[in-house]
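Below, each chain spelled out in residue letters.
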Amino acid sequence: MTTPSVLFVCVKNGGKSQMAAGLMRAIAGGRVEIHSAGTKPGTSVNNLSAQSLLEVGVDIRAEIPKPIDPALLRSVGLVVTLGSEAHLEPVDDVRIINWDTDEPSERGIDGIERMRLVRDDIAARVENLLTELTTPAERRITS
């Protein structure tokens, strides 16, 4: 069995995609190959994103936003776009899904409180994805 691989993508690769990748690394224990990138990468990781992850023991402060590598894009088993702004053209034989993540700022929630809610939404999705990626198909059907 090959190791499943996932590429998390957002626009700047400084917030949501870095959070998803960091959270997945923390719980996957090497069972999944994890990457992140941005459609228009920024220059640094969002400080509040990093701070919210530190609260749960995940450190992404050393990560650097990066563009999507076309070779990597074609080689991963799954691409997850986060939010409604990141768009990718379909790629042959690559499954692309979108997580329309919670956006607390639309409800007037900002700052670290906003990031905690975003983190918790992404964390729940990452946990479900890890189960999907690491459970054999025959067990998923019968469970």
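Use the structure listed above.
Residues numbered from 1 in each chain as written. Predicted model: local features only at pLDDT ≥ 70, side-chain atom pairs only at ≥ 80, totals over all residues. Heavy atoms only, no water.

1. As for the sheet that holds strand S2 (residues 33–38)
Logical step 1: Spatially, four strands are ordered S2-S1-S3-S4 in an open sheet, and the strand pairing comes out parallel. Edge strands, defined here as strands with exactly one partner in the open sheet, are S2 and strand S4 (95–99). Mean inter-strand twist for the sheet, computed between neighbouring axes without regard to direction, equals 20°.
Logical step 2: Sitting on the sheet, helix H1 (residues 16–28) touches strand S1 (5–10), S2 and strand S3 (78–82), and the angle it makes with S2 is about 170°.
Logical step 3: Lying over the sheet, helix H4 (residues 111–134) contacts S1, S3 and S4, oriented at roughly 155° with respect to S4. (Pairing = 2+ DSSP bridges. Helix = DSSP H or I, 4+ residues; strand = E, 2+ residues; numbered from the N terminus. Axes fitted to C-alpha atoms, helices over the stretch in contact; angles between N-to-C directions. Contact = heavy atoms within 4.5 Å.)

2. Side note on the environment of Gln18
Logical step 1: Considering the arrangement of structural elements, one finds Gln18 in helix H1.
Logical step 2: Looking at Gln18, the relative accessible area reads 0%, which means it is buried.
Logical step 3: Separated by 13 residues in sequence, Gln18 and Arg31 place their C-alpha atoms 18 Å apart.
Logical step 4: If near-sequence neighbours (up to four positions away) are discounted, Gln18 is found in contact with Asn13, Ser36, Val45, Ile60, Glu63, Ile64, Pro65 and Lys66.
Logical step 5: Within the local environment of Gln18, its side chain forms a polar contact with the backbone oxygen of Asn13, the two atoms lying 3.1 Å apart. (Buried < 20%, exposed > 50% of the residue type's maximum accessible area, 1.4 Å probe, protein only. Polar contact = N/O pair within 3.5 Å; in protein donor to acceptor, adjacent residues only side chain to side chain.)

3. Let's talk about the nonpolar core
Logical step 1: Val6, Phe8, Met24, Ile34, Val80, Ile122 and Leu129 are the most contacted members of the largest nonpolar core, which has 27 residues in total.
Logical step 2: When contributions to this core are tallied by element, the ones reaching two or more residues are S1, H1, helix H2 (47–54), S3 and H4.
Logical step 3: The greatest single-element share of this core, amounting to eight residues, is contributed by H4.
Logical step 4: Apart from residues lying up to four places away in sequence, Val6 is in contact with Val32, Glu33, Ile34, His35, Leu78, Val80, Leu129 and Leu133.
Logical step 5: Counting residues in each nonpolar core, the second largest holds 11 residues, with Ile68, Ala86, Val91 and Val94 among its members. (Core = buried A, V, L, I, M, F, W, Y, C linked by side-chain atoms within 4.5 Å.)

4. Overview of H4
Logical step 1: Spanning 24 residues, H4 covers 34 Å between terminal C-alpha atoms, matching the ideal 34 Å at 1.5 Å per step.
Logical step 2: Looking only at H4, the buried set comprises Arg114, Met115, Val118, Arg119, Asp121, Ile122, Ala123, Val126, Leu129, Leu130 and Leu133.
Logical step 3: Elements in contact with the buried residues of H4: S1, H1, H2, S3 and S4. (Expected span 1.5 Å × (residues − 1).)

5. Notes on the pairing of S2
It is a general feature of regular strands that their side chains alternate between the two faces of the sheet.
Logical step 1: In terms of residue burial, S2 counts as a mostly covered element, since five of its six residues are buried.
Logical step 2: This β-α-β element, S1 to H1 to S2, shows right-handed connectivity. (Right-handed = clockwise from strand over helix to strand, strands pointing away.)

6. Overview of the packing of aromatic side chains
Logical step 1: Enumeration over the complete set of coordinates arrives at one aromatic pair.
Logical step 2: Summarising the aromatic geometry, the rings of Phe8 and Trp99 are spaced 5.9 Å apart at their centres and angled 50° between planes, so their arrangement reads as tilted. Note that Phe8 is positioned in strand S1 and Trp99 in strand S4, a separation of 91 residues in sequence. You'll find Phe8 and Trp99 in the same group, each marked buried. (Phe/Tyr/Trp six-rings, centres within 6.5 Å; stacked < 30°, edge-to-face > 60°.)

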